[in-house]
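Geometric and topological summary
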Amino acid sequence: MKTVFDFSVKDRKGSAVSLKEYANEVLLIVNTATKCGFTPQYEELEKLYETYHSKGFEILDFPCNQFGQQASGTDESIHQFCKLNYGTEFPRFKKVKVNGPGADPLFLFLQQQKGFAGWDEGHELTPVLDGILSKDDPDYKQKPDIKWNFTKFLVNKLGIVVARYEPTASLDAIAKDIESLL
C-alpha cells in the first residue's frame with residue numbers, strides 16, 4: 001500500500017527531501033498562501049506545532065499560488081514573511097501546484113486519499129468560497145481537488161492519510177485529532 005512516505009518533495013532551496021524522514025511522526029500537510037483571508041491561521045498552526053512537536057508531530061508547509069495568486073513571492077520571501085509575522089518554526093517547502101497540470105504528485109495522492117470534506121457552515125468565509133467556486137463549477141463539492149489555501153491533511157505515523165480539513169475547519173478540532181494519533 002502506498003503511503004505519504006513514498007514521496008519526495010523539494011525544500012524551499014530546491015533540494016530533494018524524502019518524506020521517509022518523517023516516518024513515525026504525525027504530520028499535518030498544508031497548502032498555504034501569505035496574502036489570503038486564512039493567512040492568520042499561521043499563528044494557530046504555530047501554536048499546534050509548539051504544543052505537539054516534542055511529542056512527534058510535524059507540520060509540512062507548501063506555499064501555493066493557485067488560488068487568487070495569493071502566494072506570489074519567492075520561496076525565500078514567503079519563508080521570511082512567515083517567520084517575521086507569525087514566528088513559524090515548522091518546515092516550509094518549495095512552492096507547489098496542488099491541482100491540474102503540473103500538480104505535485106504528493107498533493108494528487110492526498111486528494112485521492114481524502115476528497116473534499118465540506119465547509120464549516122458557521123465560518124464567515126464559507127459563503128464567499130462557495131460563491132467563488134460554484135460560479136466556476138456548480139458540482140465542485142463532488143470533486144476531490146483542493147478548493148483553496150490552507151487545506152490540511154492529517155497523516156498518521158504509518159504515513160496513512162486519516163483526515164482532510166478544509167480551510168474553514170476549526171483548528172481546535174484538528175488538535176483533538178492530532179492528540180488521538182500521538
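In the block above lies the structure referred to throughout.
Residues numbered from 1 in each chain as written. Predicted model: local features only at pLDDT ≥ 70, side-chain atom pairs only at ≥ 80, totals over all residues. Heavy atoms only, no water.

Section: the state of the cysteines
For the structure shown, the criterion picks out zero disulfides. Here C36 is not disulfide-linked; the sulfur of C64 is the nearest cysteine sulfur, at 11 Å. On the accessibility criterion, C36 (9% relative accessible area) is buried. Of the cysteine sulfurs around C82, a residue in no disulfide, the closest is that of C36, at 12 Å. A relative accessible area of 0% means that C82 is categorised as buried. (Disulfide = S-S within 2.5 Å. Buried < 20%, exposed > 50% of the residue type's maximum accessible area, 1.4 Å probe, protein only.)

Notes on the side chain of T126
Residue placement: T126 occurs in helix α4 (residues 126–136). On the basis of relative accessible area, T126 is assigned to the buried category, the value being 4%. Within polar-contact distance, the side chain of T126 engages the backbone oxygen of D120 at 2.6 Å. (Helix = DSSP H or I, 4+ residues; strand = E, 2+ residues; numbered from the N terminus. Polar contact = N/O pair within 3.5 Å; in protein donor to acceptor, adjacent residues only side chain to side chain.)

Side note on the environment of F57
Mapped onto the elements, F57 comes out in strand β4 (residues 57–63). For the pair F57 and K94, spaced 37 residues apart in sequence, the C-alpha separation works out to 20 Å. Dropping the residues within four chain positions of it, F57 is found in contact with E25, V26, L27, L28, L48, Y49, Y52, I178 and L182. (Contact = heavy atoms within 4.5 Å.)

A short note on the pairing of strand β3 (residues 26–32)
Across the seven residues of β3, seven count as buried, placing the element largely inside the fold. With seven bridges connecting them, β3 and β4 associate as parallel partners. Residue pairing for β4: V26 is matched across the bridge by F57. Where β3 meets strand β5 (residues 152–155), four bridges bridge the pair, whose relative direction is antiparallel. Within the sheet, the bridge partner assigned to L28 lies in β5 and is L154. (Pairing = 2+ DSSP bridges.)

Re unusual backbone geometry
Phi at N24 is positive, roughly 70 degrees, even though this residue is not glycine. Examined against the element boundaries, N24 turns out to sit in the loop between β2 (16–18) and β3. For N24, a relative accessible area of 58% translates into the label exposed. Notably, F150 is not glycine yet its phi reads approximately 70 degrees, a positive angle. Relative to the elements of secondary structure, F150 occurs in the loop between α4 and β5.

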